[in-house]
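Descriptive analysis of the structure
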Amino acid sequence: MELPFAESWKIKMVEPIRKSTREEREQWLKEAHYNVFQLKAEQVYIDCLTDSGTGAMSDRQWAEMMLGDESYAGATSFYKFEAVVQRLFGMKYVIPTHQGRAAENVLFSYLVKEGQVIPGNAHFDTTKGHIESRKAKAIDVTCDEAHNTQLEVPFKGNVGLEKLERVLTENKGNVPFMVLTVTNNTVGGQPVSMKNIRETCELCHKYGVPVVMDSARFAENAYFIKTREEGYADKTIKEITREMYSHVDAMTMSAKKDGLVNMGGFIATNNKEWFEGAKLFCIPFEGYVTYGGMSGRDLNALAQGLDENTEFDMLHTRIHQVAFLASLLDEYGIPYQRPAGGHAIFVDADRVLTHVPKEEFPAQTLTCELYLEAGIRGCEIGYMLADRDPVTRENRFGGLDLLRLCIARRVYTDNHIRVIAAALKNVYDRRESITRGVAIEWEAPLMRHFTVQLKRL
Ligand SMILES: *Cc1c(COP(=O)(O)O)cnc(C)c1O
């Protein structure tokens with residue numbers, strides 16, 4: 001008999017979690033104004049809000065913490081970290097920052113000027129924020145397939161090359177760089193193929209436009225290239241990573257994802273001019289260039305985390321768990337963005353709560369229902385997040401309305417995954433009886449989803 005799949009690690013330390021009663025959850029959610037961001041973490045049984053900074057470190061990472069060198073300048077921790085980044089990505093110049101958005105802030109402060117245009121395959125919200133706050137424009141050039149949740153294609157995060165070329169020709173001389181995000185978080189943690197990475201970079205370079213890789217989930221992307229793209233099955237994750245980065249000009253990284261640390265980020269590039277330019281913004285915003293926004297022990301843990309997470313077994317364990325959740329949802333007939341991505345399942349709320357009108361926020365309603373059902377906290381990635389049009393102030397109902405269930409790295413077991421799926425099934429089974437959603441009582445003028453106050457209808 002073939003041996004079943006099992007995790008590539010065993011557990012050395014545990015953190016107790018607590019179940020609650022439905023009555024408690026009704027009360028807590030009411031106090032949180034039906035916005036799960038406003039819940040206390042201890043009111044949550046299984047937390048699928050985000051995979052950012054929520055992973056468990058290994059014994060080796062904790063051991064590295066003890067070896068941290070907290071010298072202000074030239075710490076051994078920096079050189080250890082720099083050497084790992086140079087080896088994994090083939091990039092010579094490295095600047096640590098306290099998280100991904102800080103890397104964007106430092107690099108974009110140097111690169112982005114008012115009125116410029118920056119294409120990308122669905123810019124992450126902070127990336128877009130750092131472009132728009134500098135009065136430049138972010139244009140989405142993701143392939144069209146990404147917007148049909150039921151279409152089963154292997155590299156749904158790809159760049160639409162014709163869309164990209166149109167932006168490049170129409171804005172000649174006004175595109176400082178292109179942002180290539182791996183995996184494409186916004187459309188469901190969907191990967192970008194090596195072929196698409198290569199062709200995107202060739203196209204940009206033909207127009208003299210450099211490419212910055214937004215790298216939060218680069219290792220998961222490399223895993224999908226290995227398992228889905230022809231010609232890569234026998235290559236290691238580290239070899240695939242090197243090849244991915246051989247095409248691009250620079251990277252920004254949120255180490256809270258594939259760096260396997262709770263806080264951290266960095267910039268890396270082979271472009272000396274960019275390095276010198278970005279350094280000038282690192283010092284006032286983040287700190288001296290050999291620590292950026294990080295302490296020595298955190299740089300050590302990150303160096304170790306990057307090395308661990310570019311091993312196949314580690315990624316296989318993680319992505320298998322996401323695929324396991326997807327297989328249970330398939331069994332129960334619950335629609336989600338197909339195929340399953342690397343870090344999360346995105347449930348298609350519009351197709352689940354078909355009786356809730358869009359003006360009453362189906363995905364936000366489903367997020368509340370799942371919490372009430374079993375204390376599981378997901379995250380709305382839909383009409384609430386899409387916010388209002390800055391000019392007309394109308395709600396933007398044009399995109400997808402999804403409930404995102406993120407899986408933290410090395411945190412929950414497959415039994416927890418079974419609980420998540422069963423709770424969702426219970427809500428799904430009574431979906432016909434859910435006919436009303438939520439209404440906004442108070443909202444902030446910007447990024448409303450974090451603080452919005454709602455009432456149940
Ligand atoms: C999380 C993320 C960021 C921002 O990183 P933070 O560490 O949260 O500041 C940028 N891009 C992508 C694709 C991300 O997933």
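See the structure shown above.
About the criteria used
Residues numbered from 1 in each chain as written. Predicted model: local features only at pLDDT ≥ 70, side-chain atom pairs only at ≥ 80, totals over all residues. Heavy atoms only, no water. Helix = DSSP H or I, 4+ residues; strand = E, 2+ residues; numbered from the N terminus. Rg over C-alpha atoms; globule rule 2.2 N^0.38 Å. Contact = heavy atoms within 4.5 Å. Areas by Shrake-Rupley, 256 points an atom, 1.4 Å probe, with all protein chains shown as cover. Lys, Arg positive; Asp, Glu negative; His and termini not counted. Charge placed at Lys NZ, Arg CZ, Asp CG, Glu CD. Near = heavy atom within 4 Å. Polar contact = N/O pair within 3.5 Å; in protein donor to acceptor, adjacent residues only side chain to side chain. Nonpolar A, V, L, I, M, F, W, Y, C, P; charged D, E, K, R; others polar. Buried < 20%, exposed > 50% of the residue type's maximum accessible area, 1.4 Å probe, protein only. Pairing = 2+ DSSP bridges. Axes fitted to C-alpha atoms, helices over the stretch in contact; angles between N-to-C directions. Core = buried A, V, L, I, M, F, W, Y, C linked by side-chain atoms within 4.5 Å. Right-handed = clockwise from strand over helix to strand, strands pointing away. Salt bridge = Lys/Arg side-chain N within 4 Å of Asp/Glu carboxyl O. Arc of directions from axis to C-beta.

The secondary structure content of the chain amounts to 16 helices and 14 strands. Its C-alpha atoms give the chain a radius of gyration of 22 Å, within 12% of the compact-globule value 23 Å for 457 residues. In terms of overall dimensions, the chain has a C-alpha envelope of 60 × 55 × 45 Å along the principal axes. For the chain, the proportion of contacts with a sequence separation of at least 24, taken over those separated by at least 6, is 72%. Summed over all atoms, the accessible surface of the chain reaches about 19400 Å², with 52% contributed by carbon and sulfur. If the 55 positive side-chain charges of the chain are averaged to one point and the 63 negative ones to another, these points end up 2 Å apart.

For the rest of this paragraph, the subject is the site of the ligand. Within the structure, the ligand sits among 14 residues, and Gln99, Arg101, Asp214, Ser254 and Lys257 are positioned closest to it. Measuring from an oxygen atom of the ligand, one finds a side-chain N or O atom of glutamine 99 at 2.8 Å. Arginine 217 has a polar side-chain atom sitting 3.0 Å from an oxygen atom of the ligand. Burial of the ligand by the protein chains amounts to 98% of its free accessible area of 370 Å². In terms of residue count, the dominant contributor to the shell around the ligand is helix H4 (residues 100–111) (3 residues). Its residues assigned to classes, the shell around the ligand shows 2 nonpolar, 6 polar and 6 charged.

Relative to the helices and strands, serine 20 is located in the segment before helix H1 (22–31). Residue class for serine 20 comes out buried when judged on its relative accessible area of 16%. Excluding residues that lie within four positions of it along the chain, serine 20 makes contacts with Arg25 and Trp28.

Moving on, we come to the sheet that holds strand E12 (residues 402–406). Across the sheet, 3 strands lie side by side as E9-E12-E11; this open sheet has antiparallel pairing. Single-partner strands in this sheet number two, and they are strand E9 (344–348) and strand E11 (379–381). If you compare each strand with its neighbour and ignore which way they point, the axes differ by 35° on average. Here 5 bridges tie E9 to E12, and the two strands are oriented antiparallel to one another. Each residue of the ladder has a partner; that of phenylalanine 346, found in E12, is arginine 404. On the sheet, helix H14 (residues 362–374) packs against E9, E11 and E12 and is oriented at approximately 45° with respect to E12.

With 56 residues, the main nonpolar core has Met244, Tyr245 and Phe266 as its most contacted residues. Ala363, Tyr412, Ile420 and Val427 belong to the second-largest nonpolar core, a separate cluster that totals 35 residues.

Where H1 meets H14, the axes come as close as 7 Å, and the angle between the chain directions of the two elements is 145°. Of the residues in H14, those in contact with Arg22, Arg25, Glu26, Trp28 and Leu29 of H1 are Cys368, Tyr371, Leu372, Glu373 and Ala374.

So, about the pairing of strand E6 (residues 211–214). With burial as the criterion, each face of E6 is covered, one bearing Val211 and Met213 and the other bearing Val212 and Asp214. In this structure, strand E5 (residues 178–181) lies alongside E6, joined through 4 bridges in parallel fashion. Residue pairing across strands places methionine 178 opposite valine 211, the latter belonging to E6. Taken together, E5, helix H7 (residues 194–206) and E6 constitute a β-α-β crossover, and its handedness is right-handed. Pairing between E6 and strand E7 (residues 250–254): 3 bridges, direction parallel.

Inspection of the entire model under this criterion finds 36 salt bridges. Residue aspartate 59 pairs with lysine 12 through a salt bridge whose shortest N-O separation is 3.3 Å. Here the residue aspartate 59 occupies a position in helix H2 (residues 59–66), and lysine 12 occupies one in the segment before H1, the gap between them amounting to 47 residues. For aspartate 51, the salt bridge identified is with arginine 409, shortest N-O distance 3.0 Å. Remark: arginine 409 occurs in the loop between E12 and helix H16 (414–429) and aspartate 51 occurs in the loop between strand E1 (46–47) and H2; sequence separation between them is 358 residues. Each member of the salt-bridge network shares a partner with another, and the members are Arg22, Glu26, Glu369, Glu373, Arg430 and Arg456.

Glancing now at H2. Every buried residue of H2 is accounted for by Gln61, Glu64 and Met65. Viewed end-on, H2 has its buried residues packed into an arc of 110°, placing them on one side of the element. When the buried face of H2 is taken as reference, the exposed residues oriented beyond 90 degrees from it are Arg60 and Met66. Looking at the packing, one finds that the buried side of H2 touches helix H3 (76–89) and helix H11 (296–308).

Of all the positions in helix H9 (residues 237–246), only Ile237, Lys238, Ile240, Thr241, Met244 and Tyr245 are classed as buried. Down the axis of H9, the smallest arc covering the buried residues is 160°, so these residues share one side.

Time to look at unusual backbone geometry. Cis geometry is found at the peptide bond from valine 182 to threonine 183, where omega equals -20°. Here the residue pair arginine 338 and proline 339 is connected by a cis peptide bond, since its omega of -15° sits within 30 degrees of zero. On the secondary structure map, proline 339 appears in the loop between helix H12 (312–332) and E9. Unlike most non-glycine residues, tyrosine 34 shows phi in positive territory, near 55°. As for its placement among the helices and strands, tyrosine 34 is situated in the loop between H1 and E1. A residue is classified by how much of its surface remains accessible, and tyrosine 34, at 10% relative accessible area, is buried. Backbone geometry at aspartate 387 places phi at a positive 65°, although glycine is not the residue there. Inspection of the secondary structure puts aspartate 387 in the loop between helix H15 (383–386) and E12. Aspartate 387 gets classed as buried once you look at its relative accessible area, which sits at 9%.

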